Amino acid sequence: MRAEVKQQMRQLFARRETIRFLTSSGLQDLNRDKILGNLWSLLDPLLFMAVYYVVFGVVFNMAGSGRSGQFMIYIFLGVVTFRFAEVSLGQSVTSIRGHRGIIHETNVPKAVFPVASVLARFYDFLWGLLVLVAILVATGYRPTLFILLLPVILMAYFVFVLGVSLIAADIGVFFVDASNLVTVVMRVLFYLSPVFYFVRDRGGFKAMGPFHNQTVKALYFLNPLTGFIECLRDLLMWGAAPSRWLILYLIGVSIASLVVGLILFSRREGRYAKYI
Amino acid sequence: MQNTSEPRETVASVVADGVWVGFAIRYHLPESTLRGAFVRGLEGLVKHPLQGAGRKEFFWALQGISVQARPGDVVGIIGKNGSGKTTLLRTLAGIWQPDRGQVHVQGVVSCLMSFGVGFRPNLSGRENVFVNGSILGLSRRQISERLESIMELSELGTFIDAPVRTYSAGMKGRLGFSIAVHIDPDVLLLDEVLTVGDAAFRVRAGSILDRLRENNKTIFLASHNLDMVKKSCTRAIWLEKGIIRLEGTAGEVVEAYQSGMGG
């Protein structure tokens, strides 16, 4: 097991230049023909935020009156964070089949394709966060020392999404309709994650009814996306310390998913070419 | 014709030993789906738990192929469509894993199958040289150093900065070939690609093959162009339905093939 993980890591490290080319060319290829070009990395989450804000902030008035500015930021952070996982998974699940041409022409480590997809989306994600921080600073936010945890959380989140993306990519090779399944699962997870509602009393927002029950709340936090979104809100919006058990749990889940993904690739990538 | 019976000291750079490669053909299921797997699983539980996953037929594209080639060999592979030429090349390249038997290849393998399928249509030819070159195993520095020479060989001129989606098949093929030969491979596998481009390009491509052979590279060339096989190959293999029908000097094999075909 350890040998398999090491073998994949070594392969990917040896191909780091290829991954970089694939990542940057993927970003360019995607945006080259659009009038607004790379601006879409920012516009995409902003537009999603606007939609959810209109629905949940204005129509349902979930945040209560007078909190709309902060609720917008609240949703924006949730959307940006969630979109990273959603889009990464959606692209990774088809990334091996999408590169059929290359895979049938040369013997390249297959993991470079999902890794490049996830890296490109991580780049978008970081841009989104940068915009968020800019807005926060402009509105008078001063970071606390807990901000030092930010790289740890971001790293863990990247590792988590990468691991799950590798697993999705592997399944996507053998089952063509896995991408449909990913779409549905991500839709369900979207509503099961606190993107536009409240699970904890923080910053003046009150937790919603079901989350007053501690068991429900604990079960709810088993979803790593909930954990990552709430951790990032703690650090960036509330200036609070996330629970250390939550952080340990997230790091554990991240490493576990990456290990599973790498092992799957190590065991089965030799067979991919025949299935796609 | 080159003399291949002369004993050489060098070790074989490519060895295939009793290689079998098979493919599952799913007549009723065009592609495997999760839904299909689920339904079959249920059926299996209810009806025939011992019967495997649905109707599948197995097709052996290569049936016990053994090939050896040494540095300096140019091996032609001829045979009808569907005889296993491309499968053999892909197996040597490590793209298909043999189901039985073994393949050993020493050194860097470069493989050119079709007309630049790996290209990204929205990127320019130049950008694609970097992406493709990197996928084929070159470092950024190596690509930069060879860019001039790749551009020259591909004869694209100023079109190198146009998006690849605007290229003709011939232009894509020339660019793909130019990148592949600049990988500086120890083993080069070519599949019917030298037919792209006009006569002038073919002449230059042919001279590159000669240079590679003189530099002790191993080349496999699958082709329907018997004249080219006769001219540029030192040896040839005649494949038929996944087995080797005949192996020998290029002249011999091509003649036997032509008379066998009634031509």
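Please read these numbers as outputs of a predicted model, since none were measured by experiment.

Cut-off values and rules
Here, residues in each chain are numbered from 1, in the same order as that chain's written sequence. Each chain gets a letter, beginning with A, and each ligand a number, beginning with 1, in the order they are written. In view of the model being predicted, local features appear only for residues whose pLDDT reaches at least 70, and side-chain atom pairs are presented and counted only at 80 or more, with totals across whole chains, interfaces and linings using the full set of residues. Under the DSSP-based scheme used, a helix requires at least four consecutive residues in state H or I and a strand at least two consecutive residues in state E, with every element numbered from the N terminus. Radius of gyration here is computed from C-alpha atoms only, and the compact-globule reference equals 2.2 Å multiplied by the residue count raised to the power 0.38. Buried, partly exposed and exposed are defined by the number of other C-beta atoms within 10 Å of a residue's own C-beta, namely 20 or more, between the two limits, and 12 or fewer respectively, with C-beta atoms placed from the backbone. In this description, any two residues whose backbone-derived C-beta atoms lie within 7 Å of each other are considered to be in contact. The nonpolar core is taken to be a set of buried Ala, Val, Leu, Ile, Met, Phe, Trp, Tyr and Cys residues joined by way of C-beta atoms within 7 Å. At least two DSSP bridges between two strands are required for those strands to pair. In this description, a line fitted to the C-alpha atoms serves as the axis of each element, helices being fitted only across the stretch in contact, and the angle between N-to-C directions of two axes falls anywhere from 0 to 180 degrees. When residue character is reported, Ala, Val, Leu, Ile, Met, Phe, Trp, Tyr, Cys and Pro are called nonpolar, Asp, Glu, Lys and Arg charged, and the others, Gly included, polar. An angle below 35 degrees is treated as roughly parallel, one above 145 as roughly antiparallel, one from 65 to 115 as roughly perpendicular, and anything else as oblique. Take the residue count of a helix, subtract one, and multiply by 1.5 Å to get its expected span. Bend is computed residue by residue as the angle between axes fitted to the seven residues ending at the residue and the seven residues starting at it. Every residue gets a pLDDT, meaning the predictor's confidence in that residue, from 0 to 100. Two helices cross in a left-handed way if the nearer one is turned anticlockwise from the farther one by less than a right angle. They cross in a right-handed way if the turn is clockwise.

1. Concerning the overall build of chain A
When helices and strands are tallied, chain A shows 12 helices and 0 strands. A compact globule built from 276 residues should have a C-alpha radius of gyration of about 19 Å, and chain A, at 19 Å, falls within 12% of that. Principal-axis analysis of the C-alpha atoms gives chain A an extent of 60 × 45 × 35 Å. Within chain A, the proportion of its 276 residues that are buried is 42%. Put simply, 79% of the contacts in chain A that link residues at least 6 apart link residues at least 24 apart.

2. Re the overall build of chain B
If you tally the helices and strands in chain B, you get 8 helices and 9 strands. Within chain B, buried positions represent 42% of all 263 residues. Across chain B, the fraction of contacts at a sequence separation of at least 24, relative to all contacts at a separation of at least 6, is 76%.

3. Description of the nonpolar core
Among the nonpolar cores identified, the biggest contains 136 residues, and Val75(B), Leu92(B), Leu189(B), Phe220(B), Leu221(B) and Ala236(B) are the most heavily contacted of them. Of the residues forming this core, the biggest block, 15 residues, is contributed by helix 8 (residues 150-174) of chain A. When sequence neighbours within four positions are dropped, the list of residues in contact with Ala236(B) reads Val75(B), Gly76(B), Ile78(B), Val229(B), Gly248(B), Ala250(B), Val253(B) and Val254(B).

4. Here's the deal with the sheet that holds strand 1 (residues 14-25) of chain B
Residues and elements named next belong to chain B. Taken in spatial order, the 3 strands of this open sheet run 2-1-4, and their pairing is antiparallel. The open sheet has two free edges, formed respectively by strand 2 (57-69) and strand 4 (100-105), since each of these has just one partner strand. Across this sheet, the average inter-strand angle for adjacent strands is 30°, counted without regard to direction. Where strand 1 and strand 2 come together, 10 bridges link them in antiparallel fashion. Counted as the bridge partner of Gly 22 is Trp 60 from strand 2.

5. Things to note about unusual backbone geometry
All names here are of chain B. At Glu 155, a residue that is not glycine, the phi angle is positive and equals roughly 55°. Locating Glu 155 in the fold gives a position in the loop between helix 4 (140-154) and helix 5 (169-181). Using a count of 18 C-beta atoms within 10 Å as the deciding quantity, one classes Glu 155 as partly exposed. Even without being a glycine, Asp 184 presents a positive backbone phi close to 60°. Relative to the helices and strands, Asp 184 is located in the loop between helix 5 and strand 6 (187-191). Residue class for Asp 184 comes out partly exposed when judged on the 15 C-beta atoms lying within 10 Å of it.

6. Description of the sheet that holds strand 7 (residues 218-222) of chain B
Whether parallel or antiparallel, the strands of a sheet pair through hydrogen bonds between backbone atoms. Residues and elements named next belong to chain B. Taken together, the 6 strands give an open sheet; going across it, the order is 5-6-7-3-8-9, and neighbouring strands pair in mixed fashion. The open sheet has two edge strands, strand 5 (109-112) and strand 9 (243-249), and neither has a second partner. Within this sheet the neighbouring strands show an average axis-to-axis angle of 15°, counted without direction. Summarising the sheet, strand 6 and strand 7 pair through 5 bridges and their orientation is parallel. Across the sheet, residue Asp 191 finds its bridge partner in strand 7, namely Ala 222. Along the sheet face, helix 6 (residues 199-214) touches strand 3 (74-78), strand 6 and strand 7 and points at about 145° away from the line of strand 7.

7. Section: the interface of chain A and chain B
Counting from both sides, the interface comprises 26 residues of chain A and, opposite them, 27 residues of chain B. Among the secondary structure elements, those contributing two or more residues to the side of chain A that touches chain B are helix 2 (16-31), helix 6 (100-103), helix 9 (178-191) and helix 12 (244-275) of chain A. Tallying contributions element by element places helix 2 of chain A first for the side of chain A that touches chain B, with 7 residues. Per-class residue counts for the side of chain A that touches chain B are 10 nonpolar, 8 polar and 8 charged.

8. Brief notes about the environment of Pro242(A)
With respect to the helices, strands and loops of the structure, Pro242(A) is situated in the loop between helix 11 (224-238) and helix 12. Considered as a pair, Pro242(A) and Leu145(A) are 97 residues apart in the sequence and their alpha carbons are 12 Å apart.

9. Looking at the packing of helix 8 of chain A against helix 9 of chain A
Relative orientation and spacing of two packed helices are given, respectively, by the angle between their axes and the distance between those axes. Residues and elements named next belong to chain A. It is at 9 Å that the axes of helix 8 and helix 9 come closest, and there the two elements cross at 140°. Classed by the angle they form, the pair helix 8 and helix 9 counts as oblique. Here Ala 168, Ile 171 and Gly 172 of helix 8 lie close against helix 9, whose contacting residues are Ala 178, Ser 179 and Val 182. A breakdown of the residues in the contact of helix 8 with helix 9 according to their chemical character gives 4 nonpolar, 2 polar and no charged.

10. Let's talk about helix 3 (residues 40-59) of chain A
All names here are of chain A. For helix 3, spanning 20 residues, the distance from its first C-alpha to its last is 27 Å, which sits close to the expected 28 Å at 1.5 Å a residue. Its axis deflected by about 35° at Tyr 53, helix 3 carries its strongest bend there. Turning to helix 3, its buried residues are Ser 41, Pro 45, Met 49, Tyr 53 and Gly 57. As for helix 3, its buried residues are in contact with helix 4 (68-92) and helix 7 (112-138).

11. Observations concerning the environment of Ala85(A)
Residues and elements named next belong to chain A. For Ala 85, the position within the fold is in helix 4. Taking the C-alpha atoms as reference points, Ala 85 and Arg 97, separated by 12 residues in sequence, lie 20 Å from one another. Apart from residues lying up to four places away in sequence, Ala 85 is in contact with Val 161 and Leu 225.

12. Describing the pairing of strand 5 of chain B
Residue and element names in this part refer to chain B. Residue alternation in strand 5 divides its side chains into two sets, Val 109 and Cys 111 and Ser 110 and Leu 112, and both sets are buried. In this sheet, strand 6 lies alongside strand 5 in parallel orientation, the contact comprising 4 bridges. Following the sheet pairing, Ser 110 is matched in strand 6 by Leu 188.

13. Let's talk about the confidence of the model for chain A
Per-residue pLDDT for chain A has a mean of 89; in total, 98% of the residues score no lower than 70. Across chain A, the element-wise mean pLDDT spans from 82 in helix 3 of chain A up to 96 in helix 8 of chain A.

14. Here's the deal with the packing of helix 4 of chain A against helix 8 of chain A
Residue and element names in this part refer to chain A. In the contact formed by helix 4 and helix 8, the axes pass within 8 Å of each other and the chain directions differ by 30°. With respect to helix 8, the axis of helix 4 lies roughly parallel. Crossing of helix 4 over helix 8 shows right-handed handedness. The segment helix 4 lies against helix 8, with Phe 84, Ala 85, Ser 88, Leu 89 and Ser 92 engaging Val 161, Val 164, Ser 165, Ala 168 and Ala 169. For the contact of helix 4 with helix 8, the class distribution of residues is 7 nonpolar, 3 polar and no charged.

15. Thoughts on the pairing of strand 3 of chain B
A regular strand carries its side chains on alternate faces of the sheet. All names here are of chain B. The buried count for strand 3 comes to 5 of 5 residues, which makes it a mostly enclosed element. Burial of the side chains of strand 3 extends over both faces: Val 74, Gly 76 and Ile 78 are buried on one face and Val 75 and Ile 77 on the other. Note that strand 3 and strand 7 share 4 bridges and pair parallel. Paired with Gly 76 across the strands is Leu 221, a residue of strand 7. In the sheet, strand 3 pairs with strand 8 (residues 235-240) via 4 bridges, with the strands oriented parallel. Across the sheet, residue Val 75 finds its bridge partner in strand 8, namely Arg 235.

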